[in-house]
Amino acid sequence: MSTSKLLQRKLARDCELEFRVYSFRELASLYFPHYQPSSASRALRQLITHDALFKRQLQCRGFSLTRRKISPYQIEVVLQQLGTPREFYEIQRANSPY
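In what follows, the accompanying structure is described. Remember, it's a predicted structure, so these values are computed and weren't measured experimentally.

On to the overall build of the protein. Secondary structure assignment for the protein yields 6 helices and 2 strands. Listed N to C, the secondary structure of the protein is α-β-α-α-α-β-α-α in terms of helices and strands. By the burial criterion, 32% of the 98 residues in the protein qualify as buried. Put simply, of all contacts in the protein between residues at least 6 apart along the chain, 54% involve residues at least 24 apart. When the accessible surface of the protein is summed, it comes to about 6,400 Å², and 51% of that surface belongs to carbon and sulfur atoms.

Written as structure tokens, this is what we have:
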């Protein structure tokens, strides 16, 4: 089974993300729910910028940091690198000093 099909099944199972085009701000708000949308976008951009592999994989799929939309094809990379928004949140919470 292809990676794309596996990720689509994971999305359907987790019911967190639909397999569709998202605005960058909308996607960032899912990964950083306690941030204001503009701050969430900035935080996600920083994650991408500071991880060369993550950035390169997205760029290979047509992504640039100035784009406002992110395709399902690019979201696959985000899911591979960060996990689902719930998984990402749980990891962040577990690593938080507070």
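By the element assignment, Val21 lies in the loop between helix 1 (3-14) and strand 1 (22-23). Assessed through its relative accessible area of 46%, Val21 is described here as partly exposed. For the pair Val21 and Pro72, spaced 51 residues apart in sequence, the C-alpha to C-alpha distance is 5.7 Å. Beyond its immediate chain neighbours, meaning those up to four positions away, Val21 contacts Lys69, Ile70, Ser71 and Pro72.

Core analysis: the largest hydrophobic core is formed by 21 residues, its most contacted members being Leu27, Tyr31, Leu44 and Val78. Mapped onto this core, the elements with two or more residues apiece are helix 2 (24-31), helix 3 (37-49), helix 4 (52-60) and helix 5 (72-82). The greatest single-element share of this core, amounting to 5 residues, is contributed by helix 5. Filtering out sequence-adjacent residues up to four positions away, Val78 remains in contact with Leu27, Tyr31, Phe54, Leu58, Ile70 and Gly83.

Where helix 3 contacts helix 4, the two axes come as close as 6 Å, and the packing angle between them is 100 degrees. One way to sum up the angle between helix 3 and helix 4 is to call them roughly perpendicular. Residues Leu47, Ile48 and Thr49 of helix 3 pack against Phe54, Lys55 and Leu58 of helix 4. Each residue belonging to the contact of helix 3 with helix 4 can be placed in one class, and the counts come to 4 nonpolar, 1 polar and 1 charged.

Cut-offs applied
Residues numbered from 1 in each chain as written. Predicted model: local features only at pLDDT ≥ 70, side-chain atom pairs only at ≥ 80, totals over all residues. Heavy atoms only, no water. Helix = DSSP H or I, 4+ residues; strand = E, 2+ residues; numbered from the N terminus. Buried < 20%, exposed > 50% of the residue type's maximum accessible area, 1.4 Å probe, protein only. Contact = heavy atoms within 4.5 Å. Areas by Shrake-Rupley, 256 points an atom, 1.4 Å probe, with all protein chains shown as cover. Core = buried A, V, L, I, M, F, W, Y, C linked by side-chain atoms within 4.5 Å. Axes fitted to C-alpha atoms, helices over the stretch in contact; angles between N-to-C directions. Parallel < 35°, antiparallel > 145°, perpendicular 65-115°, else oblique. Nonpolar A, V, L, I, M, F, W, Y, C, P; charged D, E, K, R; others polar.

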